[in-house]
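For reference, the chains in residue letters:
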Amino acid sequence: MRKITFYDTTLRDGEQTIGVNFTTDEKVRIAQALEAYGVSAIEAGFPAASNKDFDAVSQIARTIKQSKIVGLARLVRRDIDAAIEATKDAAHRGIHIFIATSPIHREAKLHMTKAEVIEKIKADVTYTKQFIDDVIFSPEDATRTEPDFLIEAIQTAIDAGATMINIPDTVGYSTPDEYGALFDFFQKEIPNYDQIGWSTHTHNDLGMANANALAGVAHGATEIQGTINGMGERAGNVDLIEAAVALKVRQDKFQVETDIDLAQSMKVATAISQMAEMPIQPNKAVTGRNAFAHESGIHQDGYLKNPATYEILSPDMVGAHASLPLGKLSGSHAVMSKLSELGYEVSKCDMIHIFPKFKAIAEEHSLVSDEQLCDMMRQFHVEKAV
Ligand code: KIV
Ligand code: ZN
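- The name an unreviewed UniProt entry gives the protein chain is 2-isopropylmalate synthase, with Eupransor demetentiae as the organism.
- You can read under Sequence similarities (unreviewed entry) in the UniProt record for the protein chain the words "Belongs to the alpha-IPM synthase/homocitrate synthase family. LeuA type 1 subfamily."
- Looking at the protein chain in UniProt, the text filed under Pathway (unreviewed entry) is "Amino-acid biosynthesis; L-leucine biosynthesis; L-leucine from 3-methyl-2-oxobutanoate: step 1/4."

Structure representation (structure tokens):
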């Protein structure tokens, strides 16, 4: 099976989330958690951005031994030099350099012609390559770039020594069919496609970041770039946990494997959410607290007969637990099962009297607690005795 690697940018693109500002100590702990989770590369920061970023990247470079440590740089010599210097002590290191290629970015932001952009890519990838072998190149806003110019930019970077091409859907504009087709297009147009790595980099502005990353993989990408919990600028990046779980659960379709230790998913998501002071939305796929909670009577009944009726992955797989919260839609099967867990063995006959009591409580409260159930049973036994 083809191996798909994971490149985490929680500490760079993820830290661009509004209100998030990790301390250096937190960044080192996050990098350690990511390494244990099995990501092959950690984009530890943007060293030219500030002394704090530079120091954090240096410290992570000295601490992490397995994952590759990457510094981000614009095609600006000062940025490149800072990323080279900050990662110098890493056991494995890389540099991620980027320049925007789309017309709107070239004209409104960079004020550069196509020829100038190509010249810059050639000169700066060549320069970088003298110091670092592993050069990741991104044509920023790739998905809104003219196809011919995108090929020219990518081919220029490859010819100058780039070892990995990253395809940013910078503003989350692409659809899965379009994003997947881009990788088909590269395979057709880039003669040495198989000799380098290709990564997806998808943003979630239209809620398609995960679908787009998976489409990239299905069409020949070898790596997924993203963040934990989908942190990132605006609506964020693809959540690496969701992507890794989807590749595993739908291995029948994707036919790929990864080094991600999925059982650590909840632990990693929770730790990073706490450090970021950014709660995970309750209904978030995989790591939300409702992701394995079944409330309605029909679902609870099916789940109790066979969890696979309403679970496509076992919560154990990602280090989570299933729950059957009791509320106004719950059925008697789930209530009996919960009462049994609490030590009350209730006959079907008794349930005829107990269930309406449960419903009355549930209608007044969004969820019925264990304490409320015990009070209800005490009251039931008193009434039964008289
Ligand atoms: O989204 C983006 O384009 C980026 C680049 C720096 C690769 O994060
Ligand atoms: Zn990005």
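**Quick notes on the pairing of strand β9 (residues 223–226)**
Working step 1: Along β9, one buried face is formed by E223 and Q225 and the opposite face, lined by I224 and G226, is buried too.
Working step 2: Note that the unit made of strand β8 (residues 197–202), helix α8 (residues 209–218) and β9 has a crossover that is right-handed.

**Considerations on the site of ligand 1**
Working step 1: In the vicinity of ligand 1, the contacting residues are D13, F98, S138, E140, P168, T170, H201 and H203.
Working step 2: Classifying every residue of the shell around ligand 1 by side-chain character gives 2 nonpolar, 4 polar and 2 charged.

**What about the sheet that holds strand β7 (residues 164–169)?**
Working step 1: Taken together, 8 strands build a closed barrel; the order of strands is β2-β3-β4-β5-β6-β7-β8-β9 and the barrel is parallel. Geometrically, the sheet is characterised by an average inter-axis angle of 25° between neighbouring strands, direction not taken into account.
Working step 2: As defined by bridge partners, strand β2 (residues 5–8) adjoins strand β3 (residues 41–45) across 2 bridges and the pair is classed as parallel. Of the residues in β3, the one forming a bridge with D8 is I42.
Working step 3: Each of β6 (135–140) and β7 touches helix α6 (residues 147–159); the most contacted strand, β6, lies at about 165° to it.

**Some points on the environment of I4**
Working step 1: Topologically, I4 is positioned in the loop between β1 (2–3) and β2.
Working step 2: Each C-alpha atom, one on I4 and one on I260, is 9.7 Å from the other, the two residues being 256 residues apart in sequence.
Working step 3: Aside from chain neighbours lying at most four places away, what touches I4 is V217, T222, E223, I224, L247, V256 and T258.

**A closer look at unusual backbone geometry**
Working step 1: One non-glycine residue, N229, adopts positive backbone phi at about 65°.
Working step 2: By the secondary structure assignment, N229 is in the loop between β9 and α9 (240–249).
Working step 3: Look at N229 and you get buried, because 26 C-beta atoms sit within 10 Å.
Working step 4: One non-glycine residue, R234, lies in positive phi territory at about 50°.

**With respect to helix α5 (residues 114–129)**
Working step 1: Between its first and last C-alpha, α5 extends 22 Å over 16 residues, near the 22 Å set by a 1.5 Å rise per residue.
Working step 2: Turning to α5, the residues buried within the fold contact α3 (77–86), β5 (93–100), α4 (103–110), β6 and α6.

Cut-offs applied
Residues numbered from 1 in each chain as written. Chains lettered and ligands numbered in written order. Predicted model: local features only at pLDDT ≥ 70, side-chain atom pairs only at ≥ 80, totals over all residues. UniProt positions renumbered as here; feature names shortened; annotations may be inferred. Buried ≥ 20, exposed ≤ 12 C-beta atoms within 10 Å, placed from the backbone. Helix = DSSP H or I, 4+ residues; strand = E, 2+ residues; numbered from the N terminus. Right-handed = clockwise from strand over helix to strand, strands pointing away. Near = placed C-beta within 6 Å. Nonpolar A, V, L, I, M, F, W, Y, C, P; charged D, E, K, R; others polar. Pairing = 2+ DSSP bridges. Axes fitted to C-alpha atoms, helices over the stretch in contact; angles between N-to-C directions. Contact = placed C-beta atoms within 7 Å. Expected span 1.5 Å × (residues − 1).

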